[in-house]
Amino acid sequence: MVLSGAGISAESGLKTFRDADGLWEGYNIMDVATPEAWAKNPALVQQFYNERRKQVLEANPNEAHRTLAMLESRFHVNIITQNVDDLHERAGSSEVLHLHGVITRSQSSANPNLTYPVEGAEIRMGENCELGSQLRPHVVWFGEEVPMIPIAASLCESADIFVLIGTSLAVYPAAGLIDFVPPQATKYIIDPNIPRSSRTLSGVIYIEKPAVEGIKVLTNLLNQIA
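A brief report on the enclosed structure follows. (Residues numbered from 1 in each chain as written. Predicted model: local features only at pLDDT ≥ 70, side-chain atom pairs only at ≥ 80, totals over all residues. Heavy atoms only, no water.)

Considerations on the sheet that holds strand E8 (residues 135-139)
Moving on, step 1. The three strands are arranged E7-E6-E8 in an open sheet whose pairing can be described as antiparallel. In this open sheet, the two edge strands, each paired with only one partner strand, are strand E7 (115-117) and E8. Sheet twist, expressed as the mean angle between neighbouring strand axes with direction ignored, is 45 degrees.
Moving on, step 2. Examined bridge by bridge, strand E6 (residues 101-108) and E8 share four bridges and lie antiparallel to one another. Residue pairing for E8: Gln 107 is matched across the bridge by Arg 136. (Pairing = 2+ DSSP bridges. Helix = DSSP H or I, 4+ residues; strand = E, 2+ residues; numbered from the N terminus. Axes fitted to C-alpha atoms, helices over the stretch in contact; angles between N-to-C directions.)

If you want it as structure tokens, here you go:
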């Protein structure tokens, strides 16, 4: 079981969710990533995510993504990702659960269960779902429920090996998924800046490196047990 975060995609050139000043690509997050922002200025929100989608389409999977895909030749690998890009799928991973949606799909603004693949990089204003409502990015915004959490928690309960990569356990409810992992499971955390609070977890092997470097260490450790 792999839980991935922004750090793995950062090494493909995609910026992490927010900078130290609280901005995301120069935008105030509250202006582009909330239901209230969509209600106030849907064109701005649409433009913001069209720009992010273009960046995703121009990015390529890195060695960490590819290595996780290759591990399927030896393990049953489930990936739960907090990322809205599709780099895991493009690297070849076959079982990927997106907690926060996927930016290459659109979503009905009337019924979140209606989603569609985006043709190209843009969702246009006036482009509607089958119910006649404006299409929006298939992304979970601040203030919205994370509907895939129960499924992710159930997957974590069955883990024999749990790998946390590219995330510092700071974003909830995703950070709470490690609590569902069985105590006897082998656990690894790969991140260049593992917070001190996470170091109190029992039975965890810490690999304090960026994703691409850390995945090499992980592979060597897995070679010893497989």
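Details of the nonpolar core
Moving on, step 1. One finds Leu 3, Ile 80, Leu 99, Cys 156, Phe 162 and Leu 177 to be the most contacted residues of the largest nonpolar core, which totals 20 residues.
Moving on, step 2. Looking at this core, the elements with two or more residues in it are helix H7 (149-157) and strand E9 (161-165).
Moving on, step 3. Broken down by element, the residue count for this core peaks at four residues, all from H7. (Core = buried A, V, L, I, M, F, W, Y, C linked by side-chain atoms within 4.5 Å. Buried < 20%, exposed > 50% of the residue type's maximum accessible area, 1.4 Å probe, protein only.)

With respect to the sheet that holds strand E1 (residues 2-4)
Moving on, step 1. Within the open sheet, the six strands sit side by side as E5-E4-E1-E9-E10-E11. Their pairing is parallel. Each edge of the open sheet carries a strand with a single partner, namely strand E5 (96-98) and strand E11 (204-207). Neighbour-to-neighbour, the strand axes of this sheet turn through a mean angle of 15 degrees, independent of strand direction.
Moving on, step 2. When strand E10 (residues 186-190) meets E11, the two strands line up parallel, connected through four bridges. Each bridged residue has a counterpart across the sheet, and for Ile 190 the counterpart in E11 is Ile 207.

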